[in-house]
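These are the residues of each chain, in order.
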Amino acid sequence: MQTTRIAFFDAKPYDLPAFEAQGKVRGIEFKFFDTQLNRDTVDLAKGSDGVCVFVNDTLDAPVIDRLHSFGIRIAALRCAGYNNVDLSHAFGRLHVVRVPAYSPYAVAEHAMALLLTSIRRVHKAYNRTREFNFSLSGLTGFDLHGKTVGVVGTGRIGRVFIDICRGFGMKILAYDKFPADLEGVTYAELPRLFAESDIISLHCPLTEETHHLINRDTIGSLKKGVVIINTSRGALIDSEALLDGIKSRKIGAACLDVYEEESDIFFHDFSGHIVEDDTLARLISMPNVIVTSHQAFLTEEALKNIAETTVSNILAFQERGMCENELCYHCGKQDSCRKKRQERCF
Ligand code: NAI
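In every chain, residue numbers begin from 1 and rise along the written sequence. With pLDDT at 70 or above as the cut-off, local features in this predicted model cover only qualifying residues; side-chain atom pairs require 80 or more to be listed or tallied, and sums for whole chains, interfaces and linings still use all residues. Computation of side-chain values: all heavy atoms of the structure, hydrogens and water removed.

Caption draft 1: Up close: the overall build of the chain. A run of H or I in DSSP becomes a helix once it reaches four residues, and a run of E becomes a strand once it reaches two; helices and strands are each numbered from the N terminus. When its secondary structure is counted, the chain shows 11 helices and 13 strands. Throughout, the radius of gyration refers to the C-alpha atoms, and the reference size of a globule is 2.2 Å times the residue count to the power 0.38. For a compact globule of 346 residues, the expected C-alpha radius of gyration is about 20 Å, and the chain comes in at 21 Å, within 12% of that figure. By principal-axis analysis of the C-alpha atoms, the chain measures approximately 65 × 50 × 35 Å. The contact rule is simple, with two residues in contact once any of their heavy atoms fall within 4.5 Å. Across the chain, contacts joining residues at least 24 apart in sequence account for 65% of those joining residues at least 6 apart. Accessible area for the chain stands at about 17,100 Å²; split by element, carbon and sulfur atoms hold 50% of it. Throughout, the Shrake-Rupley method with a 1.4 Å probe supplies accessible areas, and for residues the shown protein chains are the sole cover considered.

Caption draft 2: Quick peek at the environment of S271. If you trace the backbone, S271 turns up in the loop between β11 (251-256) and α10 (278-285). The spatial distance from the C-alpha of S271 to the C-alpha of K31 is 28 Å, given a sequence separation of 240 residues. Whenever a nitrogen or oxygen atom comes within 3.5 Å of another N or O atom, the pair is scored as a polar contact, on the condition that within protein one atom can donate a hydrogen and the other can accept it, and that pairs from neighbouring residues in sequence are kept only if both atoms are in side chains. A polar atom in the side chain of S271 sits 2.5 Å from the side chain of D269.

Caption draft 3: Expanded view of the site of the ligand. For this description, a residue counts as near a given molecule or strand if any of its non-hydrogen atoms is within 4 Å of it. For the ligand, the set of nearby residues contains 23 residues, the closest of which are Y102, R156, I157, D176 and T231. Here G155 contributes a backbone N or O atom positioned 3.3 Å from an oxygen atom of the ligand. T231 places a main-chain nitrogen or oxygen 2.9 Å from a nitrogen atom of the ligand. Look at the ligand: alone it shows 870 Å² of surface, and the protein chains cover 87% of it. Think of it as three bins: nonpolar holds Ala, Val, Leu, Ile, Met, Phe, Trp, Tyr, Cys and Pro, charged holds Asp, Glu, Lys and Arg, and polar takes everything else, Gly as well. Of the residues that constitute the shell around the ligand, the class distribution is 9 nonpolar, 8 polar and 6 charged.

Caption draft 4: A look at the nonpolar core. Among the buried residues, those of types Ala, Val, Leu, Ile, Met, Phe, Trp, Tyr and Cys that are joined through side-chain atoms within 4.5 Å form a nonpolar core. Think of it in three bands: residues with accessible area under 20% of the maximum for their type are buried, residues over 50% are exposed, and the middle band is partly exposed, with areas taken using a 1.4 Å probe on protein chains only. Grouped together as the largest cluster of nonpolar side chains are 50 residues, with contacts concentrated most on F30, L37, V51, L59, L67, L77 and L94. Every element with two or more residues in this core is listed here: β1 (4-8), β2 (28-32), β3 (50-53), α2 (61-69), β4 (74-77), α3 (87-90), β5 (95-97) and α11 (300-320). With 9 residues, the top contributor of residues to this core is α11. Leave out the neighbours within four places in its chain, and V51 touches I6, A7, F9, A45, L67, I72, I74, A75 and A76.

Caption draft 5: Here's a closer look at the pairing of β3. The two faces of β3 match: G50 and C52 on one face and V51 and V53 on the other face are all buried. Here, any two strands with at least 2 DSSP bridges between them count as paired. Direction of pairing for β1 relative to β3: parallel, over a ladder of 3 bridges. The residue bridging I6 from the neighbouring strand is G50, located in β3. Pairing of β3 with β4, which is carried by 4 bridges, proceeds in the parallel orientation. Bridge assignment links G50 to a residue of β4, and that residue is I74. Clockwise travel from the first strand over the helix to the second, with the strands pointing away from the viewer, marks a crossover as right-handed. In this region the chain leaves β3, passes through α2 and returns to the parallel neighbour β4; the handedness of that crossover is right-handed.

Caption draft 6: Seen up close, helix α6 (residues 156-167). Expected helix span is taken as 1.5 Å per residue step, with the number of steps being one fewer than the number of residues. In this model α6 runs 17 Å from its N-terminal to its C-terminal C-alpha over 12 residues, within 8% of the 16 Å that 1.5 Å per residue would give. Each element contacted by the buried residues of α6 is listed here: α4 (104-119), β6 (148-152), β7 (171-175), β9 (199-202) and β10 (226-230). Just downstream of α6 lies G169, where phi reads positive at about 75 degrees.

Caption draft 7: Inspection of unusual backbone geometry at higher detail. With a phi angle near 55 degrees, D10 is a residue other than glycine that sits in the positive phi range. The residue D10 is located in the loop between β1 and α1 (16-26) in this model. At R121, a residue that is not glycine, the phi angle is positive and equals roughly 55 degrees. One can find R121 in the loop between α4 and α5 (122-130).

Caption draft 8: Molecular detail of the packing of aromatic side chains. The rule is short: rings of Phe, Tyr and Trp, with Trp giving its six-membered ring, pair when the centres are within 6.5 Å, and they are stacked under 30 degrees, edge-to-face over 60, tilted in between. Overall, the coordinates contain 11 aromatic pairs when judged by the stated rule. Within the aromatic cluster, the residues linked to one another by ring pairs are F8, F19, F30 and F32.

Caption draft 9: Region of the structure containing the pairing of β2. As paired elements, β1 and β2 share 5 bridges and run parallel to each other. Along β2, the bridge assignment pairs T4 with I28. Taking the sense of rotation as the criterion, the β-α-β connection linking β1, α1 and β2 turns out right-handed.

Following this line, the structure appears as structure tokens:
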């Protein structure tokens, strides 16, 4: 069996066991690099047959051109989102495959974990009781039962989150560019969702259209005391506007697993260092903001599924020259999507 060599960027200790095991049995040799893929590091991929990248690696035009000049034809994203890839430049040069779903439960359950932690002040109680402080003052929360949750994006993760919220007896308002027929879910346009929701959870992709969906204007239209949850992509929210919304008490709490400037910060240990990003530092200092560093996907089940699908994507491309999880900038477009006609993207 011929071995396929894949340069694996932004490798973390939790990635290694599943990918090494999959690679071993299925003939792929991963070369793991701690560093993220970008213009400065792309030369590490020289001599490989493909690259495997994650959410904060950069596949912009210069990186794509350089990979192409090395004879590399495949970039395997080990994630669902692909806002870090210049798909239109990749067209004709680099085949981009992704893992569209690995555990919507992991992300949706983390969104609910953040919400419950925030509104029942679990993070504060945990710190207090560790110091033998058993006072309850300042820990009053509120019931989720009967509250309205606005879910933006009712795809795989949004739907699981909706199911969880229904279990709590919450009313569901939803917005999606392509609404589905979901039992017990009322679809509404964004202005209504913003005006009526006690909690808003973002589960749509980051696109030009959704960039800064939560901004100064939309924050002005929210219900006072609203809780905002973002487990999708950081740039869905204008962080400065969010901070101001929190300072003005318009926003009751924010639960953030993603942050718009996360790429140089998240996944790294900065304890003992000074974090340069003042907005993030200020957000973290707020008593009603909880930040986790893009960990919503991080469950054993999801890691196993990610490794399996990534390896299958690479092998499908190697063996058949096409893969059902390939993406291009024509994807889904009525007239130009070739995959819809069972053809290769290019
Ligand atoms: P999905 O593709 O199943 O669902 C996305 C939904 O958003 C679709 O129903 C789509 O119609 C809708 N949508 C597209 N454009 C929209 C717009 N302009 N306004 C409103 N809705 C729009 O994706 P899935 O698997 O549910 O993932 C959602 C997002 O979660 C991903 O885009 C990714 O950014 C994020 N994610 C975060 C993870 C984490 O660890 N924090 C892990 C996995 C995904």
